[in-house]
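The residues making up each chain are set out below.
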Amino acid sequence: MSTATTNRTGGMKIDLTVLGPILALVALIVIGILLNPNFLSYGNITNVLARSAFIGIIAVGMTFVITAGGLDLSVGSMAAFIAGLAILVMNTVLPSMGGGYGVIAVGVLVALAAGLVAGAVNGLLVTKAGIEAFIVTLGTMGIYRSLVTWLADGGTLSLDFAMRELYRPVYYGGIFGISWPIIVFAIVAILGEIVMRHTAFGRHCAAIGSNETVARYSTVAVKRVKTMTYVLLGLLVGVAVVMYVPRLGSASASTGLLWELEAIAAVIIGGTMLKGGFGRVWGTVVGVLILSLIGNILNLTDMVSPYLNGAIQGIIIILAVVLQRKGGAE
Amino acid sequence: MTPALALDSVSKSFGPIEVLHGVDFDLRPGEVHALIGENGAGKSTMMKILAGYLSATDGAVRVDGEPVRFASSDDAEARGIVMIHQEFNLAEHLTVEENIFLGREMTGRFFLDHKKMQAKTAELMQSLECRVAPTRRVSSISVPDKQMVEIAKALSRNLRVLIMDEPTAVLTGSEAKVLFKQVRRLREEGAAILFTSHKLDEIMEIADRVTVLRDGEVVAHGPVADFTEDSMAAAMVGREVSDLFPPKRKGGGEVVLEASNVTSGRAVEGASVTLRKGEILGIGGLVGAGRTELVEALVGLRNRSGEVRLKGETLPAGDVAEARKRGFVYLTEDRKGAGLLLEKTLRENLTLGVLHRFAKPLIDRKAEDAALTKAIEDYDIRAPQRDMKVGNLSGGNQQKLLLAKVMLADPDVVVIDEPTRGIDIGTKQQIYELIHRLAGDGLSIIVISSEMPELIGLADRVYVMHGGKITGELEGDEVTEQNVIRLATGLSVAREDAA
Amino acid sequence: MKRLALTTALVGLAMPLSAETIGVSIPAATHGWAGALNFHAERTVERLEEQYEDLDFVLTTTPDPGTQVSDLEDMVATRNIDALVVLPFESEPLTGPIQRIAESGTWVTVVDRGLSQEGIEDLYVAGDNESFGRIAGEYFVENLEEGAKVVVLRGIPTTIDNERVEAFQGALEGSGIEILAMEHGNWSRDDAFTVMQDYLSRYPEIDAVWASDDDMAVGAIAAIEQADRTDEMWVVGGAGMKEMVQRVSEGDTMVPVDVTYPPSMISTAIELTALAVMNEGLPVSGDFIIASELITQENAESFYFEDSPY
């Protein structure tokens, strides 16, 4: 095999599939620095990273679902529903438990458990009932969205004021000057990258997304792995909600609106294939940061009308994918 | 006579690797020309250059003596050069008729003229003796029928040159005969036909001239009358190929697999099978007789009723992972659709079925690499690069990799479905030897094959299936072509002692 | 212009003779204000149905203009409504359908969002977006010094948002107050939080924030608290959300005042319509404009509704 390695000249060529998203991110950072000196300030960087955390944590889970050939449109409304549920439960147990960290622990457990269950429902409907993921999650998307509207009676569910003060540090606090959402996002991303690249589960996801029949004939437990991707995603939605609730202490029908599309967009910008078969978590992280930075830079300048925010995001998404396809073609 | 299509010292490189080295070739009007060679010899590449799918790195393509540069396959088609690929180029969800006229639909004044297209399709299919209705969806028809649709599609064009990459690989003997009839008709009409095949007897039957490729070079060419099957095989492999099959051995220890009264949907009905340790058991029958379905039901890829006992213990139905754990594995006939991930590397494919052994819980990349190195050695897998995509390997090397992958599960019982489909003769021989070696090591092997010599040459004992049922069992001297065919077509065996 | 007395007068009216059906079509509760609108509509319908046996209501909530048109068609076709109370999702696409219903002799009450042609509806009940922006602007002019710097959080890009912002800018004209930036927070807490964070990064000096909606004010305040700049600026929202009214009444320095845009205007519209269909000839047609008011610590109590979700 020594001849094979000497024959390769590919080292010189720029691999756009790898570099594309990173180049876009670097370009955005350079633009940001040029346009506003505060861009690199500690405060701004913390803000951008922390606000990326919700979508980011969800997008890491979405990477697995998409890599295994699935899709989940329900995550945005699932997040809203879980946030509403957690707030409701915390407010309900508050009188009997009399406040304190116990109430928050209950809220966190409810959020994680609800995420797990919601993910399992999606997963089992896809694998056991054999309904297309698009249809299943389109359905659950509508269900969770109206459930949260119903829970909130059309208005806003707000966490009890005293609890909010107690819970607040989970979003605003941190250690060594790094806020908790950023730390959690980083941990989720690193674990996600390891699971995707270095475990049997990650490899099985890619195999299933690449060719489900081959995976089945190779004795991979196709249904179990596919279900697990949705369960994992649901759990991560729960984690995102645990970070989200302390930020504003409320949830309403407009919570998490379009998060599913942002998460999917981040996954695709990062180089994961929409049809499945190949996924990379670090790319998703880059994708999430790209999307956040576009909004941040537009807010920091008057150069472009904010009406065009969506258009710029759209162009970046398409451009990122075009670059990757071109890079992958030869 | 000016050749209809010719190559003038054509070379072709993919990246740094040259796969064709200065090939000269000519194809004349009114001839059937066979292109043969081992897998990876460059046949497909050469055909794709002739049909405009690839462009030559060096040298010239000539049409009627004039050098041309095809911008695309459409360019070549406009000049009457049509190629039928090994992988079908059909839109699965469209009907037969829609596929045949795709891109060249006949229209009435405003709308599509379905009546006219259907009539024309029916006529084409009839000339191919294929009874598929023009309105059937392609996804619902069988593989040989799909091949016929491809051929009908080609015939429906004004073609001067027809190029076919292994057209008979998925056809039965009688279907191939029908195809040859059409090929002869085209030849009489003055068309030039080029095809590849690994079935040397076919080539003797239908071809006028033969070109032999080896490692990207033409090593022999001339009228077919100058060749024998043996000399063709020798030219392809570069050495004498005699005795394709190792000598028969006497198999048979204790029973390792025992299935009784297995039924699966409408494909398999009440089949009972016994398999002994160290035995090579053949399953014969025509395409569609239920052979693949039977073994898929046994191994757990398909629902079934009836009992299967593996080494004395009952095997649960529909649990292929459990079967693998207990040492019972299946190597699919559908290498590309169900066997290998074409977009992934050799390493990822090799370990896919037994990843748990390498993951503790992180995958041990070094152990994986070591397993690949061993597989490449043990199974003589010839890959230009270790980290290449499996889809870029030749068919023979894919098959060897698939075999290595299945064997990595350390099975006691292995089913090999069509072990040498679409594989050159040199690799075939390697695989036969391998199967024998495995059986000698105490493995029990079931071989399903549509190739009669293969079945007869390999198997110690043969079950023959017809219409979902096992119609007979043959052993020793009874395993003859005549007996297998009689059972496969639903007749009983003509035994001397029965008279 | 406030005529609350008129609605309360309804309670004492005599029972009518024939059964009448009133259709009510409003946008779905996708944000706080619309949620309150739904709350008030449902409560009013419930109360009136209980009060009058011969009065039936059909209440639909719609997520988009297309669905609203279908809803209206269904109401006319299957429920044969005698009167319609409608808050058009968007003016342009609904003008035609509502006009046809009006032409068929059905009483039409349009709420808040005017149709693009005049003279279609029998009764028009609306808040006043112009005064909503102007009153906030006037408060800024009175309480800020010349050269003060303010940032604005706009709503979802619509006519309503434009009217409010133009009036706000108009009120500030000539005062010497500088508007640093106006980005869209889309009437959403989360979006407003993000935009405000970026404002805080971008401008070292901000004296006041006009959030143009209480939901956005909540998000903006959270961002200001995070940046620890609560002493530097105050925030004016709008619409009269419970939480905000409470802060005003408690004398919170961050939230000195609020501006009303009462979602309960739907109750006014439904009750007036009921009055009209059950008492033919009663003079209730015309325009009924509910101007915005400034909520201050002194009057806050009268704007606080304990059981409202908003």
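Definitions and limits used
Residues numbered from 1 in each chain as written. Chains lettered and ligands numbered in written order. Predicted model: local features only at pLDDT ≥ 70, side-chain atom pairs only at ≥ 80, totals over all residues. Heavy atoms only, no water. Helix = DSSP H or I, 4+ residues; strand = E, 2+ residues; numbered from the N terminus. Rg over C-alpha atoms; globule rule 2.2 N^0.38 Å. Buried < 20%, exposed > 50% of the residue type's maximum accessible area, 1.4 Å probe, protein only. Contact = heavy atoms within 4.5 Å. Areas by Shrake-Rupley, 256 points an atom, 1.4 Å probe, with all protein chains shown as cover. Lys, Arg positive; Asp, Glu negative; His and termini not counted. Charge placed at Lys NZ, Arg CZ, Asp CG, Glu CD. Phe/Tyr/Trp six-rings, centres within 6.5 Å; stacked < 30°, edge-to-face > 60°. Lys NZ or Arg CZ within 6 Å of the ring centre and 35° of its normal. Pairing = 2+ DSSP bridges. Axes fitted to C-alpha atoms, helices over the stretch in contact; angles between N-to-C directions. Patch = residues over 30% accessible without salt bridge, like charges linked within 9 Å, V, L, I, M, F, W, Y side chains within 5 Å. Salt bridge = Lys/Arg side-chain N within 4 Å of Asp/Glu carboxyl O. Polar contact = N/O pair within 3.5 Å; in protein donor to acceptor, adjacent residues only side chain to side chain. Expected span 1.5 Å × (residues − 1). Core = buried A, V, L, I, M, F, W, Y, C linked by side-chain atoms within 4.5 Å. Parallel < 35°, antiparallel > 145°, perpendicular 65-115°, else oblique. Left-handed = near helix turned anticlockwise from the far one by under 90°. Nonpolar A, V, L, I, M, F, W, Y, C, P; charged D, E, K, R; others polar.

Focus: the overall build of chain A
Reasoning step 1: When its secondary structure is counted, chain A shows 15 helices and 4 strands.
Reasoning step 2: Compactness check: chain A gives a C-alpha radius of gyration of 21 Å against a globular reference of 20 Å for 330 residues, within 12% of the reference.
Reasoning step 3: With the C-alpha coordinates aligned to their principal axes, the bounding extent of chain A is approximately 75 × 55 × 35 Å.
Reasoning step 4: Taking all 330 residues of chain A together, 56% fall into the buried category.
Reasoning step 5: Pairs at least 24 apart in sequence give 79% of the contacts found in chain A among residues at least 6 apart.
Reasoning step 6: Carbon and sulfur atoms provide 73% of the accessible area of chain A, an area that totals close to 13,600 Å².
Reasoning step 7: A distance of 10 Å separates the average location of the 18 positive side-chain charges in chain A from that of its 12 negative side-chain charges.

Here we look at the packing of aromatic side chains
Reasoning step 1: Summed over the entire model, instances satisfying the criterion amount to 16 aromatic pairs over all chains.
Reasoning step 2: Summarising the aromatic geometry, the rings of Phe140(C) and Trp234(C) are spaced 4.9 Å apart at their centres and angled 70 degrees between planes, so their arrangement reads as edge-to-face. Of this pair, Phe140(C) sits in helix H5 (residues 129-143) while Trp234(C) is found in strand S9 (residues 234-236), placing the two residues 94 residues apart along the sequence.
Reasoning step 3: Among the aromatic side chains, those forming a connected cluster through ring pairs are Phe54(A), Tyr171(A), Tyr172(A), Tyr244(A), Trp259(A) and Phe193(C).
Reasoning step 4: Taking the ring centre of Tyr172(A) as reference, the NZ or CZ of Arg168(A) above it sits at 4.1 Å.

So, the sheet that holds strand S5 (residues 123-127) of chain C
All names here are of chain C.
Reasoning step 1: Taken in spatial order, the 6 strands line up as S2-S1-S3-S4-S5-S11 in an open sheet, and their pairing is parallel. Among the strands making up the open sheet, the edge pair consists of strand S2 (55-62) and strand S11 (286-290). Within this sheet the neighbouring strands show an average axis-to-axis angle of 15 degrees, counted without direction.
Reasoning step 2: Pairing of strand S1 (residues 20-27) with S2, which is carried by 8 bridges, proceeds in the parallel orientation. Pairing of Ile 26 across the sheet is with Thr 61, part of S2.
Reasoning step 3: Taken strand by strand, helix H2 (residues 32-51) contacts S1 and S2, and its axis lies near 165 degrees from that of S2.
Reasoning step 4: Each of S1, S2 and strand S3 (83-86) touches helix H3 (residues 65-79); the most contacted strand, S2, lies at about 160 degrees to it.

Topic: a nonpolar patch on the surface
Residues and elements named next belong to chain A.
Reasoning step 1: The grouping of Val 18, Leu 19, Ile 22, Leu 23, Val 26, Val 30, Ile 31, Leu 34, Leu 35 and Met 303 at the surface amounts to a nonpolar patch, some 850 Å² of accessible area in total.
Reasoning step 2: Turning to its location among the elements, Val 30 is positioned in helix H2 (residues 16-35).
Reasoning step 3: Accessibility expressed as a relative area gives 41% for Val 30, which makes it partly exposed.

Points about the pattern of salt bridges
Where charged atoms of side chains with opposite charge meet at close range, the side chains can pair.
Reasoning step 1: What the rule picks out here adds up to 44 salt bridges over all chains.
Reasoning step 2: Here Arg164(A) and Glu243(C) are joined by a salt bridge, their closest N and O atoms 3.7 Å apart. One end of the pair, Arg164(A), is in helix H7 (residues 161-167); the other, Glu243(C), is in helix H9 (residues 242-249), on a second chain.
Reasoning step 3: For Asp161(C), the salt bridge is made with Arg154(C), and the minimal N-O distance between the two is 3.0 Å.
Reasoning step 4: Residue Asp161(C) is classed as buried on the basis of its relative accessible area of 1%.
Reasoning step 5: Salt bridges here are not isolated pairs; linked through shared partners, they connect Arg164(A), Arg189(C), Asp215(C) and Glu243(C).

Things to note about the interface of chain A and chain B
By a frequent convention, interface size equals the accessible area lost on bringing the separate parts together.
Reasoning step 1: Counting from both sides, the interface comprises 24 residues of chain A and, opposite them, 34 residues of chain B.
Reasoning step 2: Where chain A packs against chain B, one counts 1 salt bridge.
Reasoning step 3: When the shortest N-O distance is used, the salt bridge between Arg203(A) and Glu368(B) registers 2.9 Å.
Reasoning step 4: For the pair chain A and chain B, the interface holds 8 residue pairs in polar contact (both at pLDDT 80 or more).
Reasoning step 5: Elements supplying a minimum of two residues to the side of chain A that touches chain B: helix H1 (2-7), helix H9 (180-198), helix H10 (200-210) and helix H11 (212-217) of chain A.
Reasoning step 6: Here the element with the most residues in the side of chain A that touches chain B is H10(A); it accounts for 6 residues.

Comments concerning the arrangement of the chains
Reasoning step 1: Of all 2 pairs of chains sharing an interface, the pair with the highest contact count is chains A and C.
Reasoning step 2: Here chain B and chain C are not in contact; the least distance found between their C-alpha atoms is 34 Å.

Quick notes on the pairing of strand S20 (residues 469-475) of chain B
Residue and element names in this part refer to chain B.
Reasoning step 1: Where strand S19 (residues 461-466) lies against S20, 6 bridges are found, and the strand directions are antiparallel. Across the sheet, His 466 pairs through a bridge with Lys 469, a residue of S20.
Reasoning step 2: In this antiparallel pair of consecutive strands, S19 and S20, the connection spans 2 residues, and Gly 467 shows a positive phi of 55 degrees.

Brief notes about unusual backbone geometry
Residues and elements named next belong to chain B.
Reasoning step 1: For the peptide bond that leads from Lys 360 to Pro 361, omega is -15 degrees, which places it in the cis range.
Reasoning step 2: One can find Pro 361 in the loop between helix H13 (355-358) and helix H14 (365-378).
Reasoning step 3: The phi torsion at Asp 64 lies on the positive side, around 50 degrees, for a residue other than glycine.
Reasoning step 4: Note that Asp 64 resides in the loop between strand S4 (58-63) and strand S5 (66-68).

Quick word on the environment of Gln297(C)
All names here are of chain C.
Reasoning step 1: Note on placement: Gln 297 falls in the segment after strand S12 (294-295).
Reasoning step 2: Sequence spacing of Gln 297 and Glu 138 is 159 residues, and the spatial spacing of their C-alpha atoms is 17 Å.
Reasoning step 3: Apart from residues lying up to four places away in sequence, Gln 297 is in contact with Val 248, Ser 249, Glu 250 and Gly 251.
Reasoning step 4: Reaching out from Gln 297, the side chain makes a polar contact with the backbone oxygen of Ser 249 at a distance of 3.5 Å.

Points about the pairing of strand S6 (residues 149-154) of chain C
Residue and element names in this part refer to chain C.
Reasoning step 1: Of all 6 residues making up S6, 5 are buried, and the element is well covered by its neighbours.
Reasoning step 2: Bridging between S6 and strand S7 (residues 178-184) involves 6 bridges; their strand directions are parallel. When the bridges of S7 are listed, Val 150 appears paired with Ile 179.
Reasoning step 3: Where S6 and strand S8 (residues 208-210) come together, 3 bridges link them in parallel fashion. Within the sheet, the bridge partner assigned to Val 152 lies in S8 and is Trp 210.

Concerning the sheet that holds strand S1 (residues 5-14) of chain B
Residue and element names in this part refer to chain B.
Reasoning step 1: Pairing within the open sheet is antiparallel, and its 4 strands lie in the order S2-S1-S4-S5. Strand pairing shows two members of the sheet lacking a second neighbour, strand S2 (17-27) and S5, which therefore form its edges. Strand after strand, the sheet turns through a mean of 35 degrees between neighbouring axes, direction not considered.
Reasoning step 2: Two elements, S4 and S5, share 3 bridges in a ladder whose sense is antiparallel.

Regarding helix H4 (residues 91-103) of chain C
Reasoning step 1: With 13 residues, H4(C) ought to run about 18 Å at 1.5 Å a step, and its terminal C-alpha atoms sit 18 Å apart, in line with that.
Reasoning step 2: The positive-phi residue at the C-terminal boundary of H4(C) is Gly105(C), with phi of around 100 degrees.

What about the nonpolar core?
Reasoning step 1: Core analysis: the biggest nonpolar cluster contains 135 residues, and Ile57(A), Val237(A), Leu153(C), Met196(C), Tyr199(C), Ile206(C) and Val209(C) have the highest contact counts within it.
Reasoning step 2: Apart from residues no more than four positions distant in its own chain, Tyr199(C) is found in contact with Val151(C), Val152(C), Leu153(C), Ala181(C), Met182(C), Glu183(C) and Ile206(C).
Reasoning step 3: Membership of the second largest hydrophobic core comes to 52 residues, among which are Leu123(C), Ile177(C), Ala208(C) and Ala269(C).

Brief notes about the packing of helix H3 (residues 42-67) of chain A against H9(A)
All names here are of chain A.
Reasoning step 1: Across the interface, H3 lies against H9 with an axial gap of 8 Å and an inter-helix angle of 25 degrees. Taken together, H3 and H9 sit at an angle that is classed as roughly parallel. As H3 runs across H9, the sense of the crossing is left-handed. Note on element contacts: H9 touches H3 through Pro 181, Ile 182, Val 184, Phe 185, Val 188, Ala 189, Gly 192, Val 195 and Met 196, opposite Thr 46, Leu 49, Ala 50, Ser 52, Ala 53, Gly 56, Ile 57, Val 60, Thr 63, Phe 64 and Thr 67.
Reasoning step 2: Here the residues of the contact of H3 with H9 sort into 14 nonpolar, 6 polar and no charged.

These results come straight from atomic positions and should not be treated as a statement about function.
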